[in-house]
Each structure stands twice: as structure tokens, then as C-alpha cells.
Amino acid sequence: MRFRTLKELTAISQAESKTLAEIMIEEQAAETGVSREEITAQMSDYYGKMKAAVRLGLSEQNVSRSGLSGGDAVKVLDLAENGTPSSGDPSSRAMAYALAVSEVNASMGRIIATPTAGSCGIIPGVFVSSQERFGWSDEHMVNGLFAAGAIGYVIANNSFISGAEGGCQAEVGSAIGMAAGALVELRGGGAEQAMHAVGLALKNTLGLICDPVAGLVEIPCIVRNGLGAVNALAAADMGLAGVRSAIPSDEVVSVMLEVGAAMPSGHRETGQGGLAQTPTGRKLTEGLMRGRKPLQPEFEEPASGQAETAAAQTVHTSE
Amino acid sequence: MRFKNVFSIIGPSMVGPSSSHTAGAVRIGLIARQLLGEQPKTVKIALYGSFAETYWGHGTDLALAGGLLGYATDDARVADALEEAERLGIGISFFKGVGLAPHPNTAKLELTAADGRTAQVLGASIGGGTVMIHEMNGFDVRCSGEYPTIVVLHDDRPGVLASLTARLGGSDTNIGYMGVDRKGRSAEAMTVMELDSVPDAELLAQLRQIEEVKEVTVINLSGRGA
């Protein structure tokens, strides 16, 4: 890839009068040796799957395998359609759509990791609701995904995109920055405006810890996706309005690295701190563990005559 | 650069809920199946670290079973993989891993085929659905499955590696990464080569003709929800 930083990405865009999407498609083709047509076909397939996840999440109450989450996307959609949402109709729709995809994810439905499964609601939430609102073509949206990918590529390689490494700022934070920058480009803003939107968005999630209850991608991940979609719309608006990130966006990315590296392990996806270790978080975890037989130690052969008991203690024995 | 292309940022296409606990687990199961070369009859799986703590909520058990059945990361059937395995008469049992693992998200799989042949894989899911295999059939060798990979079991003799690489060079096949481990001096050895292109049948036949070569297996996850 010809760019390693957001500054370099902006410079190429300005020097060659190319969109972020065009640059990403060209660089991807050069890096992998795969044709432009195949690359855009794959991204187009991914966008179709994102839309399907939004539809699925809004069409039924998707309850997770643990039973901890589900049904909130439908409630927010109802408010958007039949009530008076405080955040306005477009924001509440983006929020409902993002919740929908994250609920589908929690119930083992099909999603596209953007950049991870834990943050998979934000980009579809922003993209699908904006497409409906502005009447954009699928092709335009697929270009938007390449723009988001270019921004995410820089963040991932200069900082983190996984909660285990850098906390939720790395997952949900990165997704908000990617969605915000891409939305600026989709709405006709230039690369510089897009990059400011990225920096503005990332500043607002710096320090966000990854503290899921029972270690599952549900509480608070799903809600953070819903709120993250709204943040992305707001950051894109700031960028389009001409608000500048006083601290350059690449420097904000490096702060994410600094903060994530200093984050205690209890706040990095282990379920050992934060919301997971509140009295209620612990109670929910204990509820899930109750009656769950512990796994037998590795490959221990049951003593003769006890085979049946031992088999029952392993979680799944399908012999 | 840890992330090399746009589809490692937008993607993979997968069934939820966790790229490392679910999509990565599917890939580890798939690699184990490909190493055995056929559908297994029985499988014992040891889960380590975070895999052992949260497998039940992330569907890691279903994901590993799905991979063993040959499913891709975004195959909707992953959610019912254990039932399907049972229906097919495949016995899969789960245990808690004992001792140290190379990564918090690690699984060890021991597969047995209907004819008694076995395969063993120790694999870690390192984030975003990407996996790293640390051990195959007791040999300390690595691969990610992201590139077409040739796994060769051979006798540890002078010149075997030269014979292997000469045939790859002869068919214009480039090696991106290569690892070798042996059970002991002049004993059995395993060589793993990650390639830039899919090896064709003719090349594989040539490798199998080398006197010291006992087995040649191909692992390739590309185009499988990768």
C-alpha cells in the first residue's frame, strides 16, 4: 500500500484527484494481484450481507444464545417510526439499524466484521440508513466501504482494532471513525474533511474500555454499536461543516495506541473488570454459569464403569 | 504491517458473535479437517484460556464442529453444527486444556478417521478471525491457512528440502514462508510451505515421487468465507 498514515492518504487523494475509495481499490488490486472487478464484486457481496443483517435484525426479536440480549432494535425502530425521537429521525434509524446488526451477531446470525464482530453494527447502521435517506445507489455505498476500509487499514496498522489488545476504543471507536470519514466522502466532502471527521470521532472514544459481561459480545457491546452509529453521523456533520480536529487525526490514532497499551488487562475483553464486575454484571454471569457442568480436564480417559458419568460431564458428546 | 489488505478490515463474512471466538474457531476446525484429508469419525477437543471460559456463549464449540464438517466462517449451518455432526455419527467431545497455551484463545484437536488414521492440530485465534496453527501431528510448525499451504511428512535426510524446493521452483511456485521440524535426528520430519499460488495436481504428484516423502497434504482456506 502506498499509504501508512491518514496524512499520506489525504496527500495522495489531493495530488491525484482521487477519492479515498478509488485509492483503496487501486492499492488492493496492486497488493493482492486480484482484478478490480473481483475486488468490487466481493465488497458488493459484503454490502448485500450487511443489508440482509439489518433486515433480519428488524424483522424479529433476535435473542442471543445466552438470553442476555435481543429485542432492542425493534423498540428503537418503533420509536423512530411512531414516536418523536429526541435525536431526530435519521439518528434514531441509524441507531435501530446498528442495534439490529449487533443483535443478529449475538444470535449467531451472519454479519460482516467491520472491523470486528463486536463492532459490526456501526457501519451498516450508518450506511443503510443513509442510503435510504439520500437515495444512493448500491455502487455508491460499496465505494463508501472502500473509503471506510482505507481509514480502518491505517488505524489497524498504527494502533489496534481488537478489544483484547486495545479496549473498546479499538473496536467501536475505530468503527465510528471509519463510518464518519466514509460518510463525509459519500456526501461529497473532500479527503481533508473526511480525515478531520475521523479524528473528531476517535477523540470521543479514547479510553473506552472493553468490559463485556461474562465475556460475551452483548452487554454493553450492542448498545455501544447503537450509540456509536449516532456518534458517526455527528462526527461526519462536524467534518462537513468544516470543523477541524486541532490535534491531527494521525496523532489521535497514536493516542489510542498509547492508551490501549496502558489499559489494565481487566479492561481488555477479559470480563475481569468494568461493567462485567459490577454486582449486577457478576449476578448475570453467575446465572449463566449455574447448572453448567465444568469441562473435564484434557483428554482424561474415564475409569471403566464410569464412562457414562464422564461423558455426561463433557458439554457435548455426540457419539 | 499486521493487516495487509482491505478485506482484513471490512470482513470476514461470518456468523456471530465473535470474530476471534467464532470465525477463528471455524478456521481452526477447517484446517484440522484438511490435515486429516477427510471427514473425521471422532474428535477430541481441548479448549484453553478464554476459549474454555466463554465457549458456550460464543458458540466456539459449534464453530469448531462447523469447521470439522467443512463449513465456511459465514455458513448459517454453524449454529446447528453439533447436531449435524451427531446425525452424521461423528463423535465430538470437549475438554478443558491443561498446561500452557501459546495464546488465550487456543484449541487442540485430535481427529480420528474411520480407518483409524489420526491428525492433531494446536491452533490459536489471534484476532479478527485470523488464526495461527502452532503444531500439526506433534510437529512444531506454523501456518495461518490464509495462503495455499503444503504440508509434507518426510524422512529427515540430507537434500530432501532441496528436492522439494527444486520441484516448486520448476513449476514456478513461490514460497512465502517455510518451516521445518523433526522428531529427532534421521527420524520423521515435517515441512510446511505457504505458497503464493494453489499447487496443481502435477506438482503434488512430483512431490510425492520424492523417495523420502511419505505424505503430502494441502491446506487452503481461501475462498471459504476468508
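Residues numbered from 1 in each chain as written. Chains lettered and ligands numbered in written order. Predicted model: local features only at pLDDT ≥ 70, side-chain atom pairs only at ≥ 80, totals over all residues. Heavy atoms only, no water.

- Within an unreviewed UniProt entry, the label attached to chain B reads L-serine deaminase, and the organism entered is Saccharibacillus brassicae.
- For chain B, the Cofactor (unreviewed entry) comment in UniProt is given as "[4Fe-4S] cluster". (UniProt positions renumbered as here; feature names shortened; annotations may be inferred.)

- In the annotation of an unreviewed UniProt entry, the entry for chain A reads L-serine dehydratase, and the organism field reads Saccharibacillus brassicae.
- UniProt, in its Sequence similarities (unreviewed entry) section for chain A, records the words "Belongs to the iron-sulfur dependent L-serine dehydratase family."
- In the Catalytic activity (unreviewed entry) part of its UniProt record, chain A is described as follows: "L-serine = pyruvate + NH4(+)".

As for the overall build of chain A
Here is step 1: In terms of regular secondary structure, chain A is built from 14 helices and one strand.
Here is step 2: The C-alpha atoms of chain A give 21 Å as radius of gyration, which agrees with the globular expectation for 319 residues (20 Å, within 12%).
Here is step 3: Along the first, second and third principal axes, the C-alpha atoms of chain A reach 75 × 45 × 40 Å.
Here is step 4: Evaluated residue by residue, chain A yields a buried proportion of 54% over its 319 residues.
Here is step 5: Considering only contacts within chain A whose residues lie at least 6 apart along the sequence, 73% involve residues at least 24 apart.
Here is step 6: In the form shown here, chain A has an accessible surface area of approximately 13000 Å², with 52% of it arising from carbon and sulfur atoms.
Here is step 7: Positive and negative charge centroids in chain A, built from 23 and 35 side chains respectively, lie 5 Å apart. (Helix = DSSP H or I, 4+ residues; strand = E, 2+ residues; numbered from the N terminus. Rg over C-alpha atoms; globule rule 2.2 N^0.38 Å. Buried < 20%, exposed > 50% of the residue type's maximum accessible area, 1.4 Å probe, protein only. Contact = heavy atoms within 4.5 Å. Areas by Shrake-Rupley, 256 points an atom, 1.4 Å probe, with all protein chains shown as cover. Lys, Arg positive; Asp, Glu negative; His and termini not counted. Charge placed at Lys NZ, Arg CZ, Asp CG, Glu CD.)

Looking at the packing of aromatic side chains
Here is step 1: Within the structure shown, the criterion is met by three aromatic pairs over all chains.
Here is step 2: Summarising the aromatic geometry, the rings of Phe134(A) and Trp136(A) are spaced 4.8 Å apart at their centres and angled 25° between planes, so their arrangement reads as stacked.
Here is step 3: Overall, the relative accessible area of 29% leaves Phe134(A) in the partly exposed class.
Here is step 4: Note that Lys183(B) overlies the ring of Phe139(B), its terminal NZ or CZ placed 4.3 Å from the centroid. (Phe/Tyr/Trp six-rings, centres within 6.5 Å; stacked < 30°, edge-to-face > 60°. Lys NZ or Arg CZ within 6 Å of the ring centre and 35° of its normal.)

Things to note about the domain arrangement of chain B
All names here are of chain B.
Here is step 1: Segmentation of chain B into domains returns domain 1 (8–137) and domain 2 (149–219).
Here is step 2: Distance between the C-alpha centres of domain 1 and domain 2: 26 Å.
Here is step 3: Here domain 1 packs against domain 2, burying approximately 530 Å² in sum over the two surfaces, 68% of which is carbon and sulfur.
Here is step 4: Contact with domain 2 buries surface across domain 1, with Gln34, Leu35 and Met136 losing the most and accounting together for 70% of the total.
Here is step 5: Counting the contacts that link domain 1 with domain 2 gives zero salt bridges.
Here is step 6: Residues of the side of domain 1 that touches domain 2, tallied by class, amount to three nonpolar, two polar and no charged. (Domains from an automatic or database assignment. Buried area = accessible area lost by both parts, 1.4 Å probe. Salt bridge = Lys/Arg side-chain N within 4 Å of Asp/Glu carboxyl O. Nonpolar A, V, L, I, M, F, W, Y, C, P; charged D, E, K, R; others polar.)

Describing the interface of chain A and chain B
Many descriptions give the size of an interface as the accessible area lost when the pieces come together.
Here is step 1: On the side of chain B, 54 residues touch chain A, which itself brings 60 residues to the contact.
Here is step 2: Taking both sides of the interface into account, the surface hidden between chain A and chain B amounts to around 4700 Å²; carbon and sulfur atoms contribute 61%.
Here is step 3: Where chain A meets chain B, there are three salt bridges.
Here is step 4: Linking chain A to chain B there are 16 residue pairs in polar contact (both at pLDDT 80 or more). (Polar contact = N/O pair within 3.5 Å; in protein donor to acceptor, adjacent residues only side chain to side chain.)

Considering helix 1 (residues 19–36) of chain B
Residues and elements named next belong to chain B.
Here is step 1: Look at helix 1: 25 Å from first C-alpha to last across 18 residues, which is about the 26 Å you get at 1.5 Å a residue.
Here is step 2: The largest bend in helix 1 amounts to roughly 25° and is located at Ala25.
Here is step 3: With respect to burial, helix 1 is a largely interior element, 17 of its 18 residues being buried.
Here is step 4: Where helix 1 ends, the next residue or the one after it, Gly37, has phi of about 90°, a positive value. (Expected span 1.5 Å × (residues − 1). Bend = angle between axes of the 7 residues up to and from the residue.)

Considerations on the UniProt feature "domain: Serine dehydratase-like alpha subunit" (unreviewed entry) in chain A
Here is step 1: When the UniProt feature table is mapped onto this chain, "domain: Serine dehydratase-like alpha subunit" (unreviewed entry) is found at residues 17–276 of chain A.
Here is step 2: End C-alpha to end C-alpha, residues 17–276 of chain A measures 48 Å, and it is 66% helix and 1% strand.

Overview of the state of the cysteines
Here is step 1: Following the criterion strictly, the structure yields zero disulfides over all chains and no others.
Here is step 2: Not part of a disulfide, Cys221(A) finds its nearest cysteine sulfur in Cys210(A), a span of 6.3 Å. (Disulfide = S-S within 2.5 Å.)

As for the packing of helix 1 of chain B against helix 3 (residues 60–68) of chain B
All names here are of chain B.
Here is step 1: It is at 6 Å that the axes of helix 1 and helix 3 come closest, and there the two elements cross at 35°. Both helix 1 and helix 3 take part in a crossing whose hand is right-handed. Touching His21, Thr22, Ala25, Val26, Ile28, Gly29, Leu30, Ala32 and Arg33 of helix 1 are Thr60, Ala63, Leu64, Gly67 and Leu68, all from helix 3.
Here is step 2: For the contact of helix 1 with helix 3, a count of residues per class yields eight nonpolar, five polar and one charged. (Axes fitted to C-alpha atoms, helices over the stretch in contact; angles between N-to-C directions. Left-handed = near helix turned anticlockwise from the far one by under 90°.)

Points about the packing of helix 9 (residues 168–186) of chain A against helix 11 (residues 221–241) of chain A
All names here are of chain A.
Here is step 1: At a closest axis distance of 8 Å, the pairing of helix 9 and helix 11 adopts a crossing angle of 40°. Relative to helix 11, the element helix 9 lies oblique. When the axes of helix 9 and helix 11 are compared, the crossing they make is right-handed. Contact with helix 9, carried on its side by Cys168, Val172, Ile176, Ala179, Ala180, Leu183 and Val184, involves Arg224, Asn225, Gly228, Asn231, Ala232, Leu233, Ala235, Ala236 and Leu240 of helix 11 and no other residues of that element.
Here is step 2: The class makeup of the residues in the contact of helix 9 with helix 11 is 12 nonpolar, three polar and one charged. (Parallel < 35°, antiparallel > 145°, perpendicular 65-115°, else oblique.)

Focus: the side chain of Ser119(A)
All names here are of chain A.
Here is step 1: Within the fold, Ser119 resides in the loop between strand 1 (110–112) and helix 6 (122–134).
Here is step 2: Polar contacts involving the side chain of Ser119 include one to the side chain of Thr116, which spans 2.9 Å.
Here is step 3: Beyond its immediate sequence surroundings of up to four residues, Ser119 is in contact with Thr114, Glu171, Val172, Ala175 and Asn225.

Concerning the sheet that holds strand 5 (residues 118–127) of chain B
Residue and element names in this part refer to chain B.
Here is step 1: One open sheet holds the five strands; their spatial order is 3-2-4-5-6, and the pairing between them is mixed. Single-partner strands in this sheet number two, and they are strand 3 (91–96) and strand 6 (130–136). Mean inter-strand twist for the sheet, computed between neighbouring axes without regard to direction, equals 20°.
Here is step 2: Where strand 4 (residues 105–112) lies against strand 5, seven bridges are found, and the strand directions are antiparallel. Its bridge partner being in strand 5, Thr106 is matched across the sheet by Ala124.
Here is step 3: Of the strands in this sheet, strand 4, strand 5 and strand 6 are in contact with helix 1, which crosses strand 5 at around 155°. (Pairing = 2+ DSSP bridges.)

Some details on helix 10 (residues 191–203) of chain A
All names here are of chain A.
Here is step 1: Between its first and last C-alpha atoms helix 10 spans 19 Å; for 13 residues at 1.5 Å apiece the expected length is 18 Å, and the two agree.
Here is step 2: Taken as a whole, helix 10 has its buried residues at Ala191, Ala194, Met195, His196, Ala197, Val198, Gly199, Leu200, Ala201 and Leu202.
Here is step 3: In this structure, the buried residues of helix 10 make contact with helix 1 (6–16), helix 2 (20–32), helix 7 (138–158), helix 9, helix 11 and helix 12 (249–262).

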